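What follows is the residue order along each chain.
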Amino acid sequence: MASVVFYFQVHQPIRLRHYTVFDKSSRYFDDNKNAQICKKVSGKCYLPANRLMLELIRRYEGRFKIAYSVTGTLLEQLEHFSPEVMSTFHALAETGCVEFLAETYYHSLSFIYSRGEFVEQVEKHCETMKRLFGYEPKVFRNTELIYNNELAHQIEAMNQFDAILCEGADHILGYRSPNYVYKPQGCQKLRLLMKNYSLSDDIAFRFSNRGWTQWPLTADKFTQWVNKVNGNGYVVNLFMDYETFGEHQWADTGIFDFMRHLPDEIFKHPDNDFKTPSEAAMAYEPVGEIDVPHLTSWADTERDLSAWLGNPMQSSAIHELYRIENKIKAVGDEELLMDWRKLQTSDHFYYMCTKYFSDGDVHKYFNPYDSPYDSFINFMNVLSNLHKRCERPSIADESRAPALG
Amino acid sequence: MRVFMLGWEFPPFISGGLGTACYGLTKAMDKLGIKVTFVLPRAVQGEHSTHVKMLSSESHRPITGFMDSNLPNTKFLTVDAALYPYSDEHQYRYQIEHDLAAGNSFTQARQNLPMANAGHYAGDMYSEVHRYAAIAAELALNEDFDVVHAHDWMTYPAGIAVASRTGKPLIVHIHSTEFDRSGEHVNQMIYDFERQGFHAADRVIAVSHYTRNILISRYGVCGDKIEVVHNGVDRSNGSNGDSSLSEAGIERDEKLVLFLGRITMQKGPEYFLQAAKRVLEVMEDVKFVMAGAGDMMHRAINMAAELGIGRKVLFTGFLQGEQVRKIYQMADLYVMPSVSEPFGIAPLEALNHEVPVIISKQSGVSEVLTHALKVDFWDIDEMANKIIAVLRHQPLQVTLRDYGNYEVRKLRWEDSAAKCARIYNETLVAV
């Protein structure tokens, strides 16, 4: 039996506007740029991809299944700028073939810095899933698949989840295969699904790479690889950014056609099927325990946190941010709290990364700043204004115009 | 490979970027085993350092030869000529009068030359450039070389003359154009010299893409023949060890923001002062130091007073050697607000001395530095914003400094010299 488990990460941050030390306004976010990017990605990816998924779900009458993790920061933007995408998500939710996962509403690194804040954000995200899609999430995934034993314990203690997701990194698995269901170290009932990074990256990263020996990747070739799992595994966990469709891999690479034909090929083998993460986690017994004492993620070859916390600017910015948590919460101003939370989105720290900087990596494509230094300066200026608002909530807030969210 | 190099300045007489670049490049070429005959205007007046050995001093000719024990493959020839880097006609006249008053020998020397038009040279840069060209062309007949390499406009006529007398390929190197120095108010004579040089040359070497674009758009030079060779930086004069703080006027707990360079229009001193004003509106304990001399120095002093920040801005005048090292050790941040900077070696030296830098986007050096803050020279608020950020946030200062210092180590004169050698070879094949 090989169950294909698709989970798509759907996320956009709420980007900051250019904010200098001389700015006094408490409007921090660049509504124009955010609208522009949201509309662009909606047109190239979210809308056509959602329509394709709907088409496939209808064609296979409930046998094709997928899962999404949609962040709160994106949902707020979609409601404002691309309501048509929201209606396709509603339609997808109604099919019953789509699972919505839980994560931190603000796509944050709060698990590492504040447990209280972390729990609040997960709850806020669960409530949003319930409110928008009528769905109570049963599976949790943390920002950027950041994971360790402690996270699993925390999630189990919240007593509302059946399973959690994690990167199937070599250094965690060793000789073992990601194609089984596992149990996190020290957990009683929580189950662990591990990303098959090799097959996931064949689609997400290598699909259009003409230098790759397997190019072009066709649905039947990919299915042959999936079929090989039959006999030595039960699940094939394909976890990737939803923007793979149409944004990272442009439509003219054939990525949509690949997806359109994939279920047909998968179903040709009688033992194959599609499952949602919660179905997969419950369908198979855990074969062993996975011990992850150190934090891991799905990023880069290092699979660590260096993309967000790798240099002194990043760690200083994030420490300063969480240091004012109590102050912010003591003020009791909802807008102030929301602004603070929007600053927690991991992308803000990713922009400060100097790792890719010198070799002009693809990561730069997604960075609204000219340099990581500019992004740090901007962030710290905003943070300093936010801090002032804690001390004099009424005075610092000089020119608040109706803003997003 | 043997090069007839028409260059500028030689330590310890280096007054700016042009001399630093010529020297750095030649030193690296020497290391690569390229034989260089380095011709430079103006006699080295007696006081050169100990490692210099005079080859000849033929009193009837304006030419002196010497070797430098550190550069075994390089022969130096100095020509008594009244040419100075960065001159315009006004400065030129001033310099001539200054030299005459000091009783320098070039007047004597040039009278012995058959082509000299005695008595009418003063203030006439045009004649002097041509006189230099004639001497160089004569000089070249006794030298053995494969290519001619000339640096900036004053040596272009000499380069053209040498190339046409010997039939060797001509490479002209451009470190700064008339548009960089004078904005839109270009000196037609200088522009013509530059243009002539670019068009006569087999290949043109520009110090940046920024400069290459100026050559294409302003001088009508075909882009195919312009190669970009970025400058390097000499590691040997980096920071080392002890420093004693608390120089006159600078308190220990004060931050120090440094402008180091000629105080001229091109370097944007007024933008530095306006940004300083904005910084001081937000922060108290900061001093701004303008190290350097130049034709805008008095205007800058007045401007600081008019802005009401006079007591926060210190003018040091022209600094050299140990003084430069000291000021870098005291600085928290180096700012180069140049209006138009073909390259800009100074920020590399600042990073070499572990001082983080803010550089103008209108500079060639911004093409090679990633670990620097970059601003448009006219964007005072953004410049102030960034100055404040560096002074306030230690992690930013540390990251810029450490990564920048590491990055600068990769900018080596040896690589620039190797690129030049490749260009030499290409011209030889083409000819």
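Parameters and conventions
- Residue indices begin from 1 for each chain and proceed along its sequence in written order.
- The order in which chains are written sets their letters, starting at A; the order in which ligands are written sets their numbers, starting at 1.
- Note on the predicted model: pLDDT of at least 70 is required for a residue's local features to be given, and 80 or more for side-chain atom pairs to be given and counted; whole-chain, interface and lining totals, by contrast, use all residues.
- Excluding hydrogens and water, the side-chain figures rest on all heavy atoms present in the structure.
- The way it works is that DSSP assigns letters per residue, a run of H or I at least four long becomes a helix, a run of E at least two long becomes a strand, and they are numbered from the N terminus.
- Using a 1.4 Å probe on the protein chains alone, a residue whose accessible area is under 20% of its type maximum counts as buried, one over 50% counts as exposed, and one in between counts as partly exposed.
- Contact between two residues is taken to exist if any of their heavy atoms lie within 4.5 Å; hydrogens are not considered.
- What pLDDT reports is the predictor's confidence in each residue, on a scale of 0 through 100.
- At least two DSSP bridges between two strands are required for those strands to pair.
- Pairs were defined over the aromatic rings of Phe, Tyr and Trp, the Trp ring being its six-membered one, requiring ring centres within 6.5 Å. Orientation was assigned from the angle between planes: stacked under 30 degrees, edge-to-face over 60, tilted for the rest.
- Only when the NZ atom of a Lys or the CZ atom of an Arg is both within 6 Å of the ring centre and within 35 degrees of the ring normal do we say a charge sits over the ring.
- Each reported salt bridge corresponds to a side-chain nitrogen of Lys or Arg within 4 Å of a carboxyl oxygen of Asp or Glu.
- Here a polar contact means two N or O atoms within 3.5 Å. Within protein one must be a hydrogen donor candidate and the other an acceptor candidate, and residues neighboring in sequence count only if both atoms are side-chain atoms.
- Put simply, buried area is the surface a 1.4 Å probe can reach on two separate parts but cannot reach once they are joined, added for both.
- By this rule the span expected of a helix is its residue count minus one, scaled by 1.5 Å.
- A right-handed crossover is one whose linking path, passing over the helix from the first strand to the second, runs clockwise when the strands point away from the viewer.
- Angles shown run from 0 to 180 degrees and are taken between the N-to-C directions of axes, each axis being a line fitted to C-alpha atoms and, for helices, limited to the stretch in contact.
- For this classification, under 35 degrees means roughly parallel, over 145 means roughly antiparallel, 65 to 115 means roughly perpendicular, and everything else is oblique.
- Three classes are used, and their members are as follows: Ala, Val, Leu, Ile, Met, Phe, Trp, Tyr, Cys and Pro are nonpolar, Asp, Glu, Lys and Arg are charged, and the others, Gly among them, are polar.

**A look at the overall build of chain A**
No. 1: Scanning chain A from terminus to terminus reveals 18 helices and ten strands.
No. 2: Per-residue burial for chain A yields a buried fraction of 61% across its 405 residues.
No. 3: Considering only intrachain contacts with a sequence separation of at least 6, the fraction spanning at least 24 residues in chain A is 77%.

**Description of the confidence of the model for chain A**
No. 1: Per-residue confidence for chain A averages 93 on the pLDDT scale, and 94% of its residues sit at or above 70.
No. 2: Note that pLDDT drops below 50 for residues 401-405 of chain A; the model gives that stretch 13 contacts with residues more than four away or on any other chain.

**Focus: the sheet that holds strand β5 (residues 163-167) of chain A**
Residue and element names in this part refer to chain A.
No. 1: In space, the three strands of this open sheet follow the order β4-β5-β7, with parallel pairing throughout. Of all the strands in the sheet, just β4 (139-140) and β7 (191-195) have a single pairing partner and so form its edges.
No. 2: Both β4 and β5 contribute to a ladder of two bridges, which runs parallel. Residue pairing in the sheet places F140 in a bridge with I164 of β5.

**Brief notes about the packing of aromatic side chains**
Residues and elements named next belong to chain A.
No. 1: This model, assessed by the stated rule, comprises 50 aromatic pairs over all chains.
No. 2: On the numbers, 5.8 Å between centres and 80 degrees between planes, the contact of F118 with F140 is edge-to-face. Of this pair, F118 sits in helix α5 (residues 115-133) while F140 sits in strand β4; the two residues are 22 residues apart in sequence, bridging distant segments of the chain. By the burial criterion, F118 is buried, and F140 matches it.
No. 3: The aromatic ring of Y105 is capped on one face by K124, whose charged end is 4.6 Å from the ring centroid.
No. 4: The residue whose ring lies beneath K342 is F29, and the NZ or CZ to ring-centre distance is 5.2 Å.

**A short note on the pattern of salt bridges**
No. 1: Per the counting criterion, the structure on display carries 53 salt bridges over all chains.
No. 2: The shortest N-O distance in the salt bridge between R17 of chain A and D23 of chain A comes to 3.6 Å.
No. 3: The residue R131 of chain B makes a salt bridge to E128 of chain B at a minimum N-O spacing of 2.8 Å. With R131 of chain B and E128 of chain B both in helix α4 (residues 125-140) and three residues apart, the pair spans about one turn of that helix.
No. 4: One network of salt bridges, with partners in common, ties together E117, E120, E325, K329 and R341 of chain A.

**Brief notes about unusual backbone geometry**
Outside of glycine, negative phi angles account for most residues, and trans bonds account for most peptide bonds.
Residues and elements named next belong to chain A.
No. 1: Following W215, the chain continues into P216 via a peptide bond in cis, with omega recorded as -5 degrees.
No. 2: Following the sequence through the fold, P216 ends up in the loop between α8 (197-204) and α9 (219-227).
No. 3: Although it is not a glycine, R303 adopts a positive phi angle of roughly 50 degrees.
No. 4: Following the sequence through the fold, R303 ends up in the loop between β10 (289-290) and α12 (306-309).

**A word on the side chain of T73 of chain A**
Residue and element names in this part refer to chain A.
No. 1: Within the secondary structure, T73 sits in helix α2 (residues 72-81).
No. 2: Of the polar contacts made by the side chain of T73, one reaches the backbone oxygen of Q12; its length is 2.8 Å.
No. 3: Not counting residues within four places of it along the chain, the set of residues in contact with T73 comprises H11, Q12, P13, I14, Y105, Y106 and T345.

**Concerning the interface of chain B and chain A**
No. 1: Listed by partner, the interface residues are 20 residues for chain B and 17 residues for chain A.
No. 2: Carbon and sulfur atoms supply 69% of the area buried between chain B and chain A, which totals about 1,700 Å² over both sides.
No. 3: In this assembly, chain B and chain A are joined by two salt bridges.
No. 4: Ionic pairing is found between K386 of chain B and D374 of chain A, a salt bridge with its closest N-O pair at 3.3 Å.
No. 5: Linking chain B with chain A are five residue pairs in polar contact (both at pLDDT 80 or more), by the criterion used here.
No. 6: Contributing elements (two or more residues each) for the side of chain B that touches chain A: α9 (269-282), α13 (380-392) and α14 (394-408) of chain B.
No. 7: Looking at which element gives the most residues to the side of chain B that touches chain A, the answer is α13 of chain B, with eight residues.

**Side note on the confidence of the model for chain B**
No. 1: Mean pLDDT over chain B stands at 86; residues scoring 70 or higher make up 81%.
No. 2: Predicted confidence is poor over residues 105-122 of chain B, with pLDDT under 50, and the contacts of this stretch with residues over four places away or in other chains come to 26 contacts.

**Side note on helix α7 (residues 188-200) of chain B**
Residues and elements named next belong to chain B.
No. 1: Compared with the 18 Å implied by 1.5 Å per residue over 13 residues, the 18 Å span of α7 between its first and last C-alpha is a close match.
No. 2: Burial in α7 covers these residues: M189, I190, Y191, F193, E194, G197 and F198.
No. 3: Contact partners of the buried residues in α7: α4, α5 (156-166), β7 (170-174), α6 (178-182), β8 (203-206) and α8 (209-219).
No. 4: You can read the cap of α7 off the contacts: a side-chain oxygen lies 2.8 Å from the backbone nitrogen of M189, and it is on N187.

**Quick word on the pairing of strand β14 (residues 357-360) of chain B**
Residue and element names in this part refer to chain B.
No. 1: On β14, burial covers both faces: V357 and I359 on one face and I358 and S360 on the other are all buried.
No. 2: Two strands pair when backbone bridges link them, and strand β13 (residues 333-336) and β14 are joined in this way by three bridges, in the parallel orientation. Bridging across to β14, Y334 finds its partner in V357.
No. 3: Handedness of the crossover is the feature at issue here: the chain leaves β13, passes through helix α12 (residues 346-352), returns alongside β14, and the resulting connection is right-handed.
No. 4: Examined bridge by bridge, β14 and strand β15 (residues 373-375) share three bridges and lie parallel to one another.

**As for the packing of α7 of chain B against α8 of chain B**
Residue and element names in this part refer to chain B.
No. 1: At their nearest, the axes of α7 and α8 sit 12 Å apart, and the two run at 105 degrees to each other. In terms of orientation, α7 and α8 fall into the roughly perpendicular class. Residues Y191, E194, R195, F198 and H199 of α7 form the contact with α8, whose own contacting residues are L215, R218 and Y219.
No. 2: Of the residues belonging to the contact of α7 with α8, the class tally is four nonpolar, one polar and three charged.

**Re the pairing of β7 of chain B**
All names here are of chain B.
No. 1: In terms of residue burial, β7 counts as a mostly covered element, since five of its five residues are buried.
No. 2: By the alternation rule, side chains of β7 split into L170, V172 and I174 and I171 and H173, which are all buried.
No. 3: When strand β6 (residues 147-151) meets β7, the two strands line up parallel, connected through four bridges. The residue of β7 that forms the bridge with A150 is V172.
No. 4: In this view, the connection linking β6 to its parallel neighbour β7 by way of α5 has right-handed handedness.
No. 5: Here β7 pairs with β8 via four bridges, running parallel. Across the sheet, the residue bridging to H173 is I205, located in β8.

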